[in-house]
Amino acid sequence: MARTARITLIGGPTVLLELGGLRLLTDPTFDAPGSYPSSGGAVTLTKRTGPALAAAEVGAVDAVLLSHDQHADNLDPAGRAFLRGARRVLTTREGAGRLPGAEGLAPWERRVLAAGAGSLLVTATPARHGPPGIEPLSGEVTGFVVSEPEGRDLVYVTGDTVFYEGVAEVARRFRPAVVLMFTGAARTRGPFHLTMSVNDALETARAFPGAALVAVHNEGWAHFTETASDLERSFAALGQQARLVPLARGQTAEIAVPAPGA
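My aim in this report is to walk through the structure given alongside it, one point at a time. Since the model is a prediction, treat every value here as computed from it, not as a measurement.

What counts and what doesn't
Throughout this document, residue positions are counted from 1 along each chain, in the order its sequence is written. Reporting of local features is limited, given that this is a predicted model, to residues whose pLDDT is at least 70; pairs of side-chain atoms are given and counted only at 80 or more, and all residues count toward the totals for whole chains, interfaces and linings. To obtain the side-chain values, all non-hydrogen atoms of the structure were used and water was disregarded. Residue exposure (1.4 Å probe, protein chains only): buried if accessible area is under 20% of the type maximum, exposed if over 50%, otherwise partly exposed. Where helices and strands are cited, they refer to DSSP runs of H or I of at least four residues and of E of at least two residues respectively, numbered from the N terminus. Note on definitions: a residue-residue contact is assigned when non-hydrogen atoms from the two residues lie within 4.5 Å. Any two strands are treated as partners once DSSP identifies two or more bridges connecting them.

**Regarding the pairing of strand 14 (residues 212-216)**
Counting buried positions along strand 14 gives 5 out of 5 residues, so the element sits mostly inside the fold. Going residue by residue along strand 14, you find A212, V214 and V216 tucked away on one face and L213 and A215 tucked away on the opposite face as well.

Pasting the structure below:
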């Protein structure tokens, strides 16, 4: 039987996924525009636009898929408050040590989510938040693959990562119908980028040839250096524009997930 994935972009990395009767939220960021200095003062992140939906408008969710907790553009103060109302929070092992009640997953670890008659399987995936050697500065980051138990792979959430061998390994293990790419080529510490650039997104498209591609995390913050329009123009220049599913803040995309074997 075919299934539909409903994907609503709230802003930045914050996306509501409605799959198989469950409601999942990625990286909650619900604050108004403002500045967020890092704990050591080396970096200040500037938020330019608020969320398309307030936390109260999103309502209850069955789980939060949190790529990491240490950066305000992925978890801000209002987002932290939102976590307290979520039935479950899945994140990195480091993050779980800082967030009461959160469940920490290492790469390839799995958890089953269930609500009512619906259930989903979530697998943590590798992520690297920048170039090789960035880990002491960026800390742990994770992505997620959401699948039907013993069935189809529905959505791959890359989390804050560049394209590297870890993402390529996800492509070898899973066949998601949708890839939610965290793009924007974020730069905070120098000329290297911390999230997917246009080139990374094109590599991701090649690695997941059967997936619809939804690009998020490319608006709303000053440290994003590439926009959704940059991505669309680049994909169009290479004849790949049909792979992208346009999604603006506050909009919902409904993407059909083919039946097994279709």
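**Here we look at the environment of P176**
Looking at the secondary structure, you find P176 in the loop between helix 5 (165-173) and strand 13 (178-182). A relative accessible area of 5% means that P176 is categorised as buried. Once the C-alpha coordinates of P176 and V216 are considered, the two residues, 40 residues apart in sequence, prove to be 17 Å apart. Residues contacting P176, with those up to four places away along its chain left out, are D153, L154, V155, Y156, F208 and A211.

**Examining the sheet that holds strand 1 (residues 3-11)**
Strand order across the open sheet formed by 7 strands is 8-7-6-3-2-1-15, with mixed pairing between neighbours. Single-partner strands in this sheet number two, and they are strand 8 (103-104) and strand 15 (252-257). Direction of pairing for strand 2 (residues 14-19) relative to strand 3 (residues 22-26): antiparallel, over a ladder of 4 bridges. Note that in strand 3 the partner of L17 across the bridge is L24.

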